[in-house]
Amino acid sequence: MSSGRSAVGRAPAKAIVVGEHFVVYGCPAVAVPIPDLVLQATLSRRDPGPPHAGHVGACLAVLHERFGGLPPESLDVSVKSDIPWGSGLGSSAALSVALARAYLRLCGRKPFADDVREASLACERIAHGRPSGIDTEVALTGMALRFERGKPPVPVPINGRIGLIVADTGVASPTSEMVAAVAARREADRAEFDRLLQAAAQKADEAENALALGDTDSLGSVLIAGQALLDEIGVVTEEVRRVVAAAREAGALGAKVTGAGGGGAVLAVHQVGSIPGVAARMRSDNVRVISAGPLGEFEPEGEP
Ligand code: PMV
């Protein structure tokens, strides 16, 4: 994927099925890739020019510092993405993974998973302060995972009978602010937060089983419970409630906000065969459906 003067890196969106926010405090979480929402970064050599701004600039600085080679000001960056920014779908992790892959390739190196992971996590620390690492891991592996801080992620087999709809509320919210708001809530009542965390951990076990068995009813129940837990920690907005209600009215077996919340994306599940009908009814209720299809893996780009 490197032609000498330019190189490409790709990574998929991720959706947390259950356990977001609680995962920051050691709870297991389960996340799946969304293979049809992909970010592609292309890096090209150029004559030294103006510095890059924002997260792209921060990532390039990290990559240069870690791997040496091409200074950021001598790179052109072009990013094409299906992943809405700040919507809980792991856009910043997909960006840092894709940039790291492209950067290493342009430097004539293979983008080995360990190098890409470490670089992406360093970029995520700049964007989020204290990332759990779940976003990076799914963007990197393209697989459904059970993720627990400090433990190796466990791949979860995906049973193709399950269909997933992703809808975007169109309201973006910075992950770092949402994580800080949840931290304040936890400080205010530790015992209550721990009770919710225990409940989330049990739902992560149930999600893992449901995904492996293709048990859409149980997965729907997990989503309903996950939504209630996120509501209790204050990350569910009125717009999210509207989209979740629209999904349920359209026949979804369960629906919830995913990722940091405060707006963002909503997930809904059903058997694969019912997905087109549910998605059509949601669209006719003015919901912006951005992905609808079977759960599946994102084919990684060949590097170990
Ligand atoms: O909204 P996103 O895609 O940045 O997901 C963040 C997930 C959190 O659990 C809220 C934070 C984390 O680092 O795990």
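For the structure, see preceding data.
Residues numbered from 1 in each chain as written. Predicted model: local features only at pLDDT ≥ 70, side-chain atom pairs only at ≥ 80, totals over all residues. Heavy atoms only, no water.

Chemist: Please clarify how the sheet that holds strand E7 (residues 254-258) should be interpreted in this entry.
Modeler: Hydrogen bonding along the main chain pairs the strands of a sheet, whether they run parallel or antiparallel. The four strands lie next to each other as E7-E8-E6-E9, forming an open sheet whose pairing is antiparallel. Pairing within the sheet leaves two strands with one partner each, and these edge strands are E7 and strand E9 (288-294). Neighbour to neighbour, the strand axes of the sheet diverge by 20 degrees on average, direction disregarded. Bridge count for strand E6 (residues 162-168) against strand E8 (residues 265-271) is seven bridges, and the pairing is antiparallel. Its bridge partner lying in E8, Asp168 is registered against Ala265. (Pairing = 2+ DSSP bridges. Helix = DSSP H or I, 4+ residues; strand = E, 2+ residues; numbered from the N terminus. Axes fitted to C-alpha atoms, helices over the stretch in contact; angles between N-to-C directions.)

Chemist: When you look at the packing of aromatic side chains in this model, what are you seeing that I'm missing?
Modeler: Aromatic ring pairs: the centre-centre distance and the angle between the two ring planes describe each pair. Under the counting rule described, the total for this entry stands at two aromatic pairs. Ring centres of Phe22 and Phe193 lie 5.3 Å apart, and the angle between their planes is 40 degrees; on these two criteria the pair is classed as tilted. Separated by 171 residues along the polypeptide, Phe22 in the loop between strand E1 (6-18) and strand E2 (29-45) and Phe193 in helix H6 (residues 190-213) bring together distant segments of the chain. In this pair, the class of Phe22 matches that of Phe193, namely buried. Centre to centre, the rings of Tyr25 and Phe193 are 5.3 Å apart; their planes meet at 80 degrees, and the pair counts as edge-to-face. Taken together, the residues span a long stretch of sequence, with Tyr25 in the loop between E1 and E2 and Phe193 in helix H6 at a distance of 168 residues. (Phe/Tyr/Trp six-rings, centres within 6.5 Å; stacked < 30°, edge-to-face > 60°. Buried < 20%, exposed > 50% of the residue type's maximum accessible area, 1.4 Å probe, protein only.)

Chemist: Whenever I open this one, the pattern of salt bridges confuses me. Can you help?
Modeler: Charged atoms that come close allow side chains of opposite charge to pair. Counted by the stated rule, this structure contains 19 salt bridges. The salt bridge partner of Glu148 is Lys151, with a shortest N-O separation of 3.3 Å. Two residues, Asp168 and Arg288, come together in a salt bridge whose shortest N-O distance is 2.7 Å. Here Asp168 is found in strand E6, whereas its partner Arg288 is found in strand E9, with 120 residues between them in sequence. Residues joined in a network through salt bridges with shared partners are Arg146, Glu148, Lys151, Asp205 and Glu208. (Salt bridge = Lys/Arg side-chain N within 4 Å of Asp/Glu carboxyl O.)

Chemist: It is not clear to me how unusual backbone geometry should be interpreted in this structure. Could you clarify?
Modeler: Among all residues save glycine, negative phi is the norm, and among peptide bonds the norm is trans. The phi torsion at His21 lies on the positive side, around 70 degrees, for a residue other than glycine. Within the secondary structure, His21 is located in the loop between E1 and E2. Note on His21: relative accessible area 6%, which makes it buried. For Asn286, which is not glycine, the phi torsion reads 65 degrees and is therefore positive. Structurally, the position occupied by Asn286 is in the loop between helix H9 (275-284) and E9.

Chemist: What is the right way to look at the site of the ligand in this model?
Modeler: In the neighbourhood of the ligand, 17 residues make up the surrounding shell, with Lys14, His21, Ser132, Thr175 and Ala260 lying closest. At 3.0 Å, a backbone N or O of His21 approaches an oxygen atom of the ligand. Between the ligand and Ala260 there is a distance of 2.9 Å, counted from an oxygen atom to a backbone nitrogen or oxygen. For the ligand, whose accessible area on its own is 380 Å², the fraction buried by protein is 96%. Put simply, the parts of the chain that give the shell around the ligand at least two residues each are E1 and helix H4 (134-141). Partitioned by chemical class, the residues of the shell around the ligand number seven nonpolar, seven polar and three charged. (Near = heavy atom within 4 Å. Polar contact = N/O pair within 3.5 Å; in protein donor to acceptor, adjacent residues only side chain to side chain. Areas by Shrake-Rupley, 256 points an atom, 1.4 Å probe, with all protein chains shown as cover. Nonpolar A, V, L, I, M, F, W, Y, C, P; charged D, E, K, R; others polar.)

All quantities given are derived from atomic positions and should not be read as evidence of function.
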